[in-house]
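# Residue-level structure breakdown
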Number of protein chains: 2
Amino acid sequence: MRVGIIGVGCSKFGVRDDVTLQELAFEAVKEAIEDAGISKEDIEMSVVGTAGTRSYELMPAVPINEYCGFTGKGPIRVEAACATGSAAVYTAYSTIKSGIADVVIAIGVEKMNEVDTPTSLAVGGRSGSYLWEFHQYGTTFPGYYAMHASAHMARYGTTEKQLAMVAVKNHRNAAKNPKAQFQKEITLEKALSSRYVAYPLRLFDCSAITDGSAAAILASEEKIKELGLKDQAVWIEGIGYSSDTANLSKRIDYVGLKATVEASRMAYKMAKIDDPVKQLDVAALHDCFTIAEIMAYEDLGFCKKGEGGKFIENGDSDFGGKIPVNTFGGLKAKGHPLGATGVGMVYEIVKQLRGEAGELQVDLKNYKGLTHNIGGTGHFGWVFILGV
Amino acid sequence: MRVGIIGVGCSKFGVRDDVTLQELAFEAVKEAIEDAGISKEDIEMSVVGTAGTRSYELMPAVPINEYCGFTGKGPIRVEAACATGSAAVYTAYSTIKSGIADVVIAIGVEKMNEVDTPTSLAVGGRSGSYLWEFHQYGTTFPGYYAMHASAHMARYGTTEKQLAMVAVKNHRNAAKNPKAQFQKEITLEKALSSRYVAYPLRLFDCSAITDGSAAAILASEEKIKELGLKDQAVWIEGIGYSSDTANLSKRIDYVGLKATVEASRMAYKMAKIDDPVKQLDVAALHDCFTIAEIMAYEDLGFCKKGEGGKFIENGDSDFGGKIPVNTFGGLKAKGHPLGATGVGMVYEIVKQLRGEAGELQVDLKNYKGLTHNIGGTGHFGWVFILGV
């Protein structure tokens, strides 16, 4: 029995002081329900993905579900740091596959600009192991990814210019995406002259602090036939997951993420993907920092290890290239609201595979796409293959 | 394809200043692996349930999995407030049923005595809606359940003595449970003369602040046969879930929990339970406060609405009664470490159904038991039916 996505929605990403967490979630939920053309009564379970470290609510899933009309149907919240959204989509998938429910909505939502408590200051910006890394050294996200960038530059000769080219591409795409936080192109010169946040990462190598929501409605094949929605369904053909050590001093190296390699291996096997570049039409990669997109090209097998810098430089990840990556602007320019990011990637790939991406539409040959969502610095890894 | 539980483990519950969160989790994981008689390499996925509002770790699932040897296998953390443990067991179940993995461990763990930050002070003791209840009125858990108790007493004549009898029974059982936080009997006089925490709830009507962990290893029927573990498997025969409004002023009444009614209805249907008292041998109910156990008797259909007080008074929930409830001491006396509670209930019912509960063993006729786990004050509700 296959599981398909029958409706998707996404809020405008950005600084969303105009709405509460619940209202923000509803923007995506409403759009997903209208997109599916079903009634909210058809939905039997709601899974809420929210990292939640910046929320006032002890139990954010409850008020979110209540506001969206899913009281009685929302028994679970999931979290996998920045990969929280993918964990929510997975839980919706497995609920349907297990026969517990036929129609499930995965809601990803995050307000990151709301609370400024000691908690958000202390934990919001960090990754890694509390005991061994944060407490002792205070390392935060830009610092960790700067270590990755430095290692990649040292071993493979990756350049600051190549890093900046990822930002330029993703901002160029985001400029055409009405949902994006930064609908503005940047030049290579601007990126390369922006200040360092953590060497070698400059301001434009970093994703920002974003509020946003996304939703995906999944259903069993049987239910999809019953609802007459077979023509609009996008199927989940592959799922891969992995996780890695919280103690970065235990990592073998810093030039890639093992969680990406392992998660993609699992997803490729399930979806029978031998050559991702040839078999996939489009991909949404986890570019929380520009180096992360370059490492992902390699770890996902889009190119050989060490050739990620050339991949962006050659335009291989751009429209018309080998495989267009982050056509919607990526985390870098569309934004990265933790819980919403993974569901938002599914939203973007579904739109592409249905040919509804407008100005940002890629050529469809195989009608297959990929999402790649990382929590922390590879602490969590999720890869989905979607297809029609 | 059925899903069975092949191994369970549980730490000593109590104030566990002697261990870190990771070490605490490992106590249950080690016992579960030894109980199953498998190798940790047989386990393909780990699901961590931890509410986590009192933890230093931003991503507690990662260091927990790492310490327990599940690096690479732990892509998800789940949360459903005090029902977090049940959400973890459910996610393990659905992962297996969906064919993603054959052997999954559900780990529930909570350290509640560790952190004393503004976060824990502000949110740790409360439930309900931040906007409408906490921010305005500051209501905390004892206050909410006191409202339930008052309503139940007013409508049905339930007495403080009947409330206290729940505490006396559960402490009597906990006295024989080496894992319990309070291995000490109390008298009815002692309970009834303890100070009020929130009228009509006295000190001995409330569960305490507990650290603890529990683990359950689930596997597919096929894998169980392959491993030669069919004789020790306890099957998950029914699953029910529900959720309710975060705004208690919207509840129809305070004499029961709709989430319990709805979750049990779903689980009973799946497990073909028409008469729970006749068909079940034992039950673990969510007695965070004594009134909660009395309401659960009624909401689960063990007796009619309003007769829960008489049910405890008549000894119907005691050994030799209609259906022994909380034979292990319940949340009240074994303890209530949020993330561990639901998995701990599964641990206790599995031990009973395998005839391994020692001094606390019930008579087995149907070889079926129930777990009932509530998040908040019925914000989340989970019911499982286990059987052999």
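What you see is a predicted model; the values in this text were computed from it and never measured.

## Side note on the overall build of chain A
Scanning chain A for helices and strands turns up 15 helices and 11 strands. In terms of principal-axis extent, the alpha carbons of chain A reach across some 55 × 50 × 40 Å. Split into buried and exposed, the 388 residues of chain A put 67% on the buried side. The contacts of chain A with a sequence gap of at least 6 include a subset with a gap of at least 24, amounting to 78%. Entry remark: accessible area of chain A is about 12,800 Å², with carbon and sulfur atoms responsible for 51%. One finds the centroid of the 41 positive side-chain charges in chain A at a distance of 4 Å from the centroid of its 46 negative side-chain charges.

## Here we look at helix H3 (residues 84-97) of chain B
Because each turn of an α-helix spans 3.6 residues, side chains separated by three or four positions in sequence point in the same direction. Residue and element names in this part refer to chain B. Across its 14 residues, H3 extends 20 Å between first and last C-alpha, which sits within 8% of the 20 Å expected from 1.5 Å per residue. Burial of H3 is extensive: 13 of the 14 residues sit out of reach of the surface. Backbone geometry just after H3 places Gly-99 at a positive phi near 85°.

## A closer look at the nonpolar core
Judged by nonpolar contacts, the single largest core of 240 residues is most densely connected at A:Tyr145, A:Phe302, B:Tyr145 and B:Phe302. If we ignore the near neighbours within four places in the chain, the residues touching B:Tyr145 are B:Leu201, B:Leu257, B:Cys288, B:Phe289, B:Ile291, B:Ala292, B:Met295, B:Ile374, B:Gly376, B:Thr377 and B:Gly378.

## Concerning the side chain of A:His286
Looking at the element boundaries, A:His286 is found in the loop between strand S9 (282-284) and helix H12 (290-299). Assessed through its relative accessible area of 1%, A:His286 is described here as buried.

## Remarks on unusual backbone geometry
All names here are of chain A. The amide bond that connects Tyr-199 to the next residue, Pro-200, takes the cis arrangement and shows omega of 5°. With respect to the helices and strands, the residue Pro-200 is situated in the loop between strand S5 (196-198) and strand S6 (201-202). We note that Ala-81 has phi near 50°; this positive angle belongs to a residue other than glycine. For Ala-81, the position within the fold is in the loop between strand S3 (76-79) and helix H3 (84-97). With a relative accessible area of 7%, Ala-81 lands in the buried category.

## Quick look at the side chain of A:His336
With respect to the helices and strands, A:His336 occurs in the loop between helix H14 (330-334) and helix H15 (338-353). Excluding anything up to four places from it in sequence, A:His336 contacts A:Cys82, A:Met112, A:Ser207, A:Thr210, A:His286, A:Cys288, A:Leu331 and A:Thr341.

## Let's talk about the packing of aromatic side chains
Residue and element names in this part refer to chain A. Summed over all chains, the structure comprises 14 aromatic pairs over all chains. Between Tyr-297 and Phe-311, the ring centres sit 4.8 Å apart and the planes meet at 50°, which makes this aromatic pair tilted. Within this pair, whereas Tyr-297 is found in helix H12, its partner Phe-311 is found in helix H13 (residues 308-313), the two being separated by 14 residues in sequence. The buried category is assigned to Phe-311, whose relative accessible area is 2%.

## Details of the state of the cysteines
Residues and elements named next belong to chain B. Tallying each qualifying case throughout the model produces zero disulfides over all chains. There is no disulfide at Cys-10, and the cysteine sulfur nearest it, in Cys-68, is 14 Å away. The class of Cys-10 is buried, set by a relative accessible area of 1%. Left unpaired, Cys-288 is separated from the closest cysteine sulfur, that of Cys-82, by 6.7 Å. The buried category is assigned to Cys-288, whose relative accessible area is 6%.

## Side note on the pairing of strand S2 (residues 45-49) of chain A
All names here are of chain A. With five of five residues buried, S2 is to be regarded as a mostly interior element. Side-chain alternation along S2 places Met-45, Val-47 and Gly-49 on one buried face and Ser-46 and Val-48 on a second face that is also buried. In this sheet, strand S4 (residues 103-110) lies alongside S2 in parallel orientation, the contact comprising five bridges. When the bridges of S4 are listed, Val-47 appears paired with Ala-106. Of the strand pairs in this sheet, S2 and S3 are connected by three bridges, and their pairing is parallel.

## Regarding the packing of helix H1 (residues 21-36) of chain A against helix H2 (residues 61-68) of chain A
All names here are of chain A. Contact geometry of H1 with H2 gives a least axis separation of 9 Å together with a crossing angle of 50°. In terms of orientation, H1 and H2 fall into the oblique class. Crossing geometry of H1 relative to H2 is assigned as right-handed. Contact residues: Leu-21, Gln-22, Glu-23, Ala-25, Phe-26 and Val-29 in H1; Pro-63, Ile-64, Tyr-67 and Cys-68 in H2. For the contact of H1 with H2, the residue count by class is eight nonpolar, one polar and one charged.

## Comments concerning the pairing of strand S4 (residues 103-110) of chain B
All names here are of chain B. Extensive coverage of S4 is indicated by the burial of eight of its eight residues. Of the two faces of S4, the one lined by Val-103, Ile-105, Ile-107 and Val-109 and the one lined by Val-104, Ala-106, Gly-108 and Glu-110 are each fully buried. The sheet contact formed by S4 and strand S7 (residues 212-220) spans eight bridges and is antiparallel. Residue pairing for S7: Ala-106 is matched across the bridge by Ala-216.

## Some remarks on helix H12 (residues 290-299) of chain B
Residue and element names in this part refer to chain B. Burial runs high along H12: 10 of the 10 residues are buried. Packing partners of the buried residues in H12 comprise helix H6 (141-156), helix H7 (160-174), strand S6 (201-202), helix H10 (258-271), helix H13 (308-313) and strand S10 (368-375). Looking one or two residues beyond H12, the residue adopting positive phi is Gly-301, at roughly 80°.

## Focus: the pattern of salt bridges
When the charged atoms of two side chains lie near each other, side chains of opposite charge can form a pair. Under the defined criterion, the tally for this structure stands at 45 salt bridges over all chains. Put simply, A:Arg77 and B:Glu79 hold a salt bridge, and the shortest N to O gap is 2.8 Å. Placement of the pair is A:Arg77 in strand S3 and B:Glu79 in strand S3 (residues 76-79), with the two residues belonging to separate chains. When its relative accessible area of 5% is taken as the criterion, A:Arg77 is described as buried. Each of A:Asp35, A:Lys351, A:Arg354 and A:Glu356 takes part in one network of salt bridges that share partners.

## A closer look at the environment of A:Ala259
Residues and elements named next belong to chain A. By the element assignment, Ala-259 lies in helix H10 (residues 258-271). Its relative accessible area of 0% is what places Ala-259 among the buried residues. Separated by 123 residues in the primary sequence, Ala-259 and Trp-382 have C-alpha atoms spaced 8.0 Å apart. Not counting chain neighbours up to four residues away, the residues in contact with Ala-259 comprise Ser-242, Ser-243, Asp-244, Gly-378, Phe-380 and Gly-381.

## What to know about the confidence of the model for chain A
Residues and elements named next belong to chain A. Taken over all residues, the pLDDT of chain A has a mean of 93, while the share at 70 or more is 93%. This model gives residues 117-123 a pLDDT under 50, and the stretch forms 12 contacts once residues within four places in sequence are excluded. We note a pTM of 0.96 for the whole complex and an ipTM of 0.95 for its interfaces.

Calculation criteria
- Residues numbered from 1 in each chain as written.
- Chains lettered and ligands numbered in written order.
- Predicted model: local features only at pLDDT ≥ 70, side-chain atom pairs only at ≥ 80, totals over all residues.
- Heavy atoms only, no water.
- Helix = DSSP H or I, 4+ residues; strand = E, 2+ residues; numbered from the N terminus.
- Buried < 20%, exposed > 50% of the residue type's maximum accessible area, 1.4 Å probe, protein only.
- Contact = heavy atoms within 4.5 Å.
- Areas by Shrake-Rupley, 256 points an atom, 1.4 Å probe, with all protein chains shown as cover.
- Lys, Arg positive; Asp, Glu negative; His and termini not counted.
- Charge placed at Lys NZ, Arg CZ, Asp CG, Glu CD.
- Expected span 1.5 Å × (residues − 1).
- Core = buried A, V, L, I, M, F, W, Y, C linked by side-chain atoms within 4.5 Å.
- Phe/Tyr/Trp six-rings, centres within 6.5 Å; stacked < 30°, edge-to-face > 60°.
- Disulfide = S-S within 2.5 Å.
- Pairing = 2+ DSSP bridges.
- Axes fitted to C-alpha atoms, helices over the stretch in contact; angles between N-to-C directions.
- Parallel < 35°, antiparallel > 145°, perpendicular 65-115°, else oblique.
- Left-handed = near helix turned anticlockwise from the far one by under 90°.
- Nonpolar A, V, L, I, M, F, W, Y, C, P; charged D, E, K, R; others polar.
- Salt bridge = Lys/Arg side-chain N within 4 Å of Asp/Glu carboxyl O.
- pLDDT = per-residue confidence, 0-100.

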